[in-house]
6 protein chains.
Amino acid sequence: MNPIDNATETRLQRGQRALAEIDGEAGEAVVRSLADIAPDFATYLLEFPFGDIYSRPGLSLREREIATIGALCAMGTARPQLEVHIRAGLNVGLTREEIVEILMQMSVYAGFPAALNGLSAAKAVFAALDSENGPDEVGSAQDIS
Amino acid sequence: MNPIDNATETRLQRGQRALAEIDGEAGEAVVRSLADIAPDFATYLLEFPFGDIYSRPGLSLREREIATIGALCAMGTARPQLEVHIRAGLNVGLTREEIVEILMQMSVYAGFPAALNGLSAAKAVFAALDSENGPDEVGSAQDIS
Amino acid sequence: MNPIDNATETRLQRGQRALAEIDGEAGEAVVRSLADIAPDFATYLLEFPFGDIYSRPGLSLREREIATIGALCAMGTARPQLEVHIRAGLNVGLTREEIVEILMQMSVYAGFPAALNGLSAAKAVFAALDSENGPDEVGSAQDIS
Amino acid sequence: MNPIDNATETRLQRGQRALAEIDGEAGEAVVRSLADIAPDFATYLLEFPFGDIYSRPGLSLREREIATIGALCAMGTARPQLEVHIRAGLNVGLTREEIVEILMQMSVYAGFPAALNGLSAAKAVFAALDSENGPDEVGSAQDIS
Amino acid sequence: MNPIDNATETRLQRGQRALAEIDGEAGEAVVRSLADIAPDFATYLLEFPFGDIYSRPGLSLREREIATIGALCAMGTARPQLEVHIRAGLNVGLTREEIVEILMQMSVYAGFPAALNGLSAAKAVFAALDSENGPDEVGSAQDIS
Amino acid sequence: MNPIDNATETRLQRGQRALAEIDGEAGEAVVRSLADIAPDFATYLLEFPFGDIYSRPGLSLREREIATIGALCAMGTARPQLEVHIRAGLNVGLTREEIVEILMQMSVYAGFPAALNGLSAAKAVFAALDSENGPDEVGSAQDIS
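Please read all numbers here as calculations on a predicted model, not as lab measurements.

All right, on to the overall build of chain A then. Counting its regular elements, chain A contains seven helices and zero strands. Ordering the α and β elements of chain A from the N terminus gives α-α-α-α-α-α-α. Across the 145 residues that make up chain A, the buried fraction comes to 63%. Here the analysis covers contacts within chain A between residues at least 6 apart in sequence; of these, 64% occur between residues at least 24 apart. Carbon and sulfur atoms form 52% of the exposed surface of chain A, whose accessible area is close to 5100 Å².

What follows is the structure, given as structure tokens:
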């Protein structure tokens, strides 16, 4: 997975490209949902997390999603965002099994309820993907040999 | 990084081996500190997090530490454990720059104070390592070409 | 906005008056919901937060709601109460735009998920108010010139 | 309430027995829900919390549930688990009134929203029990003389 | 342990008596520390937590401290208050071993770091008590038959 | 207090100006502390929180600090940042008494320990200011008539 980098882009353009690559439709839905209440915040969301942070070369997107999925699961206050990032993890190369490993590991650091609720989020995302794609598509059991 | 696995070991033995590999002296100091107040808890700590979770094959130790460092930084309630796992991250193959990337990324999910306090923990660990080892040793700037 | 103060009232009476002024119907619904499970707790809720704290003269109610909306958004564990206090903020003089500013600002201190979830709460409250009142009433866009 | 102890059992067997005694059907539903996504985690859940911790003799199950209900209410990030443990508390000898006392007390340590949300969880559990059992059964008002 | 109750007292008097019984000198030090910065808050602290909540008859003080120690350990943001309540637990009849059990149990709900930091607080309190009293006094190993 | 706005500045310049106005020397010390470990993060800190958020016109700086002090006190995981923002609050027009009101109010939403620890932070900041300035300077009791 190549880090995202293009010196001639604006932060906003770079963020839009990164969001599309990482979060796909789920991320774009978040941006659209801000249009009528806080359009400037949609811009900040594209610029800082995606245009600045995710576009940095120091970690692969796969590694960045490992950290994010672990953190959101441990915090336990961000179910919608955890679901977006479970999808994002699949988009940037994590398998379902690897995501389950990350969530299970959080039982050590944030307790069993945090891990159980994270696994519940993963179950919901995996079921939605199977329903959207049929079970043979990206992120399904076939990815996991 | 090979996952830790040896079917003939007990959970406790496997946990002790994993703790030594991952956390080194810092982890053993935690276990020793429990001896007079909660010795059974030292056993649980070796058995469940290290003997069960970190010994699973589904993620590399490097990847597990990415998730743990992200989570502990985001939670903001576990400074001593974050310091132990910053050392552990270096032990299992993360560079200082990669750890700094993880901590910076947490500003997006848990806010700037969480990231700043995580970077403060990293700064303290890196300074302690330079003082212990001299700056040419494991985890120092020389690792990062 | 005058601070609430009347020396001859009991704490309970003062709290009831402050609750009615600040939270209106939404606050009274909370009190009613406690009647069959924890009636004493309804009394404490009226007496301490409303009779003691919100009735103090040191800050305006508008300023108190700025602090509360910021805190509940940042904590991320109190969605129902955040919605009550978004309504309360409108009742004591904050505009929708000012509430959105507070919620956006929390991205800095508690991360983007906390801010996004706070904005989602605001969106739900604003939509409910428009549905209850029609869009020309208290707290609607017309307040914000 | 006798602590759970049987030296010839495996941890898993002891955990299954403790789960059945403490959480009853609600706990077994949690274990079943893990079967298709993280079956190993169901094993860990039985072994460590129930086989190791709840089976220790140092506190009664009633006292352990007091600590757990207080903690889950205060954390505010574990509504499903709080509901399971409110049922568990009733199973191991707490009355509805005692559970309400614990939840009310959490207003002091974690704030009124945490207590209100805990009381809301209790209200949902009590209503479900009344619906399942009729109001004359275990944990209903009749238990409280 | 009799619940605290005396209908002719004011809430403040009842709170002062409860604080003295439960927290002893450590609680009075908290109250004194507020004198120059927020004297009204010292009054609220005596009135609501101690005069209202801890004085209720529905749970014993020993049971209330089980809930509080569990909650403060799990929250992980209240080290000074956790230390005060570990002392308070010993004052109202918990043994050191029972307190260690509560703290260990929190590893299940809030993770190993929360439990480890709670045990560290207990170790500090027990050492301070041994230093103040000599090891034969209240709360020492001799209490635990 | 005029909002900060100057269309010809870069985000970084605007952030530096806002940081100097709001946080003064304490903010600049945070930026300097990042120079050797994460210099890019110092840039992000100036650009996003200060260049983007605090420079928006929708709330006064005084109101923004009310929200931030409330949030940091309630979160309980950001003592160093809470101290910086208590100083910042004084810089942008809050009195010591108003800051104490905000912190006391957080007992309602985040519990008494959060409020007590916030008041402890305020006490430390006020004492440091009195030591730096003598008691007649900005933010001292003389401000509060």
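All names here are of chain A. On domain assignment, one finds that chain A holds domain 1 (1-58) and domain 2 (60-145). Every contact between the two is made by twelve residues of domain 1 and, on the other side, ten residues of domain 2. Overall, the association of domain 1 and domain 2 removes approximately 1000 Å² of surface from exposure, summing both partners, and the carbon and sulfur fraction of that is 61%. Across the contact surface, domain 1 and domain 2 share zero salt bridges.

A word on the relation of the copies chain E and chain B. Between chain E and chain B, which share one sequence, the superposing operator has a rotation angle of 120 degrees and an axial displacement of 0.0 Å; the RMSD is 0.0 Å. Viewed as a symmetry operation, the transformation between the two copies matches a three-fold axis. Identified as the residue of chain E closest to the rotation axis by C-alpha distance is T77 of chain E, at 3.6 Å. With a heterologous cut-off of 20% or less, the 7% of interface residues of chain E that recur at the interface of chain B puts this contact in the heterologous class.

If you look at the interface, chain E gives 15 residues, while chain B gives 17 residues. At the boundary of chain E with chain B, total buried surface from both sides reaches about 1300 Å², with 78% on carbon and sulfur atoms. For the chain E face of the interface with chain B, the top three residues by lost area are F112, L116 and K123 of chain E, together amounting to 44%. Contributing elements (two or more residues each) for the side of chain E that touches chain B: α6 (96-110) and α7 (112-133) of chain E. The element best represented in the side of chain E that touches chain B is α7 of chain E, accounting for nine residues. Of the residues that constitute the side of chain E that touches chain B, the class distribution is ten nonpolar, four polar and one charged.

This brings us to the UniProt feature "domain: Carboxymuconolactone decarboxylase-like" (unreviewed entry) in chain A. Annotation from UniProt places "domain: Carboxymuconolactone decarboxylase-like" (unreviewed entry) at residues 39-124 of chain A. For the annotated span residues 39-124 of chain A, helix accounts for 83% and strand for 0% of the residues, and the straight-line distance between the end C-alpha atoms is 29 Å.

Time to look at the packing of aromatic side chains. Applying the stated criterion to the full structure yields 33 aromatic pairs over all chains. Taken together, a centroid distance of 5.7 Å and an interplanar angle of 70 degrees make the contact between F48 of chain B and Y44 of chain D edge-to-face. With F48 of chain B in helix α3 (residues 39-53) and Y44 of chain D in helix α3 (residues 39-53), this residue pair bridges two chains. A residue is classified by how much of its surface remains accessible, and F48 of chain B, at 1% relative accessible area, is buried. Among the residues examined, Y44 of chain D registers a relative accessible area of 9% and is labelled buried. Taken together, the ring pairs in this structure connect F41, Y44 and F48 of chain A, F112 of chain B, F112 of chain C together with F41, Y44 and F48 of chain F into an aromatic cluster.

Looking now at the interface of chain A and chain B. If you look at the interface, chain A gives 30 residues, while chain B gives 30 residues. Overall, the association of chain A and chain B removes approximately 2700 Å² of surface from exposure, summing both partners, and the carbon and sulfur fraction of that is 67%. There are six salt bridges connecting chain A and chain B. For the pair chain A and chain B, the number of links is 15 residue pairs in polar contact (both at pLDDT 80 or more). Looking at the side of chain A that touches chain B, the elements with two or more residues in it are α3 (39-53), α4 (61-75) and α6 (96-110) of chain A. Broken down by element, the residue count for the side of chain A that touches chain B peaks at eleven residues, all from α4 of chain A.

So, on to α3 of chain D. All names here are of chain D. Counted at 1.5 Å a residue, the expected span for α3 with its 15 residues is 21 Å, and the 20 Å between its end C-alpha atoms agrees. Taken across its 15 residues, α3 has twelve buried, putting it largely inside the fold. Buried within α3 are the following residues: F41, A42, Y44, L45, L46, E47, F48, P49, F50, G51, D52 and I53.

Take helix α4 (residues 61-75) of chain C next. All names here are of chain C. The end-to-end C-alpha distance of α4 is 21 Å, a good match for the 21 Å that 15 residues give at a rise of 1.5 Å each. Extensive coverage of α4 is indicated by the burial of 15 of its 15 residues. Positive backbone phi, approximately 75 degrees, marks G76, located one or two places after α4.

Mapping E101 of chain F onto the fold places it in helix α6 (residues 96-110). In this structure E101 of chain F comes out as buried when scored by relative accessible area, which is 6%. Along the backbone, E101 of chain F and G70 of chain F are 31 residues apart, and their C-alpha atoms lie at a distance of 9.8 Å. Excluding its chain neighbours within four sequence positions, the residues that come into contact with E101 of chain F are R56, G58, L59 and R64 of chain C. There is a polar contact of 2.5 Å between the side chain of E101 of chain F and the side chain of R64 of chain C.

Let us look at the relation of the copies chain A and chain B. For these two chains of identical sequence, chain A goes onto chain B by a turn of 180 degrees and a shift of 0.0 Å along the axis, with RMSD 0.0 Å. Seen this way, the second copy is the image of the first under a two-fold rotation axis. The fraction of interface residues of chain A whose copies in chain B are also interface residues reaches 100%, indicating that both copies meet through the same surface.

The subject of this paragraph is the packing of α4 of chain A against helix α6 (residues 96-110) of chain B. Where α4 of chain A meets α6 of chain B, the closest approach of the two axes is 10 Å, and the angle between their N-to-C directions is 45 degrees. Regarding the angle of α4 of chain A to α6 of chain B, the classification is oblique. The interaxial crossing formed by α4 of chain A with α6 of chain B has right-handed handedness. Of α6 of chain B, the residues touching α4 of chain A (which contributes R64, A67, T68, A71, L72 and M75 of chain A) are E101, I102, Q105, M106, Y109 and A110 of chain B.

Here we take up the environment of V92 of chain E. Its place among the elements puts V92 of chain E in the loop between α5 (79-91) and α6. With 71 residues separating them in the primary sequence, V92 of chain E and E21 of chain E have C-alpha atoms 7.9 Å apart.

If you trace the backbone, S107 of chain E turns up in helix α6. A polar contact is formed between the side chain of S107 of chain E and the backbone oxygen of M104 of chain E, at a distance of 2.7 Å.

All names here are of chain A. Looking at chain A, the pLDDT average stands at 90 and 88% of residues meet or exceed 70. Between residues 139-145, whose pLDDT stays under 50, and residues either more than four places distant or in other chains, the model counts 14 contacts. In the predicted complex, the global pTM is 0.91; the interface-specific ipTM is 0.89.

Parameters at a glance
- Residues numbered from 1 in each chain as written.
- Chains lettered and ligands numbered in written order.
- Predicted model: local features only at pLDDT ≥ 70, side-chain atom pairs only at ≥ 80, totals over all residues.
- Heavy atoms only, no water.
- Helix = DSSP H or I, 4+ residues; strand = E, 2+ residues; numbered from the N terminus.
- Buried < 20%, exposed > 50% of the residue type's maximum accessible area, 1.4 Å probe, protein only.
- Contact = heavy atoms within 4.5 Å.
- Areas by Shrake-Rupley, 256 points an atom, 1.4 Å probe, with all protein chains shown as cover.
- Domains from an automatic or database assignment.
- Buried area = accessible area lost by both parts, 1.4 Å probe.
- Salt bridge = Lys/Arg side-chain N within 4 Å of Asp/Glu carboxyl O.
- Least-squares fit on C-alpha atoms with pLDDT ≥ 70 in both.
- Nonpolar A, V, L, I, M, F, W, Y, C, P; charged D, E, K, R; others polar.
- UniProt positions renumbered as here; feature names shortened; annotations may be inferred.
- Phe/Tyr/Trp six-rings, centres within 6.5 Å; stacked < 30°, edge-to-face > 60°.
- Polar contact = N/O pair within 3.5 Å; in protein donor to acceptor, adjacent residues only side chain to side chain.
- Expected span 1.5 Å × (residues − 1).
- Axes fitted to C-alpha atoms, helices over the stretch in contact; angles between N-to-C directions.
- Parallel < 35°, antiparallel > 145°, perpendicular 65-115°, else oblique.
- Left-handed = near helix turned anticlockwise from the far one by under 90°.
- pLDDT = per-residue confidence, 0-100.

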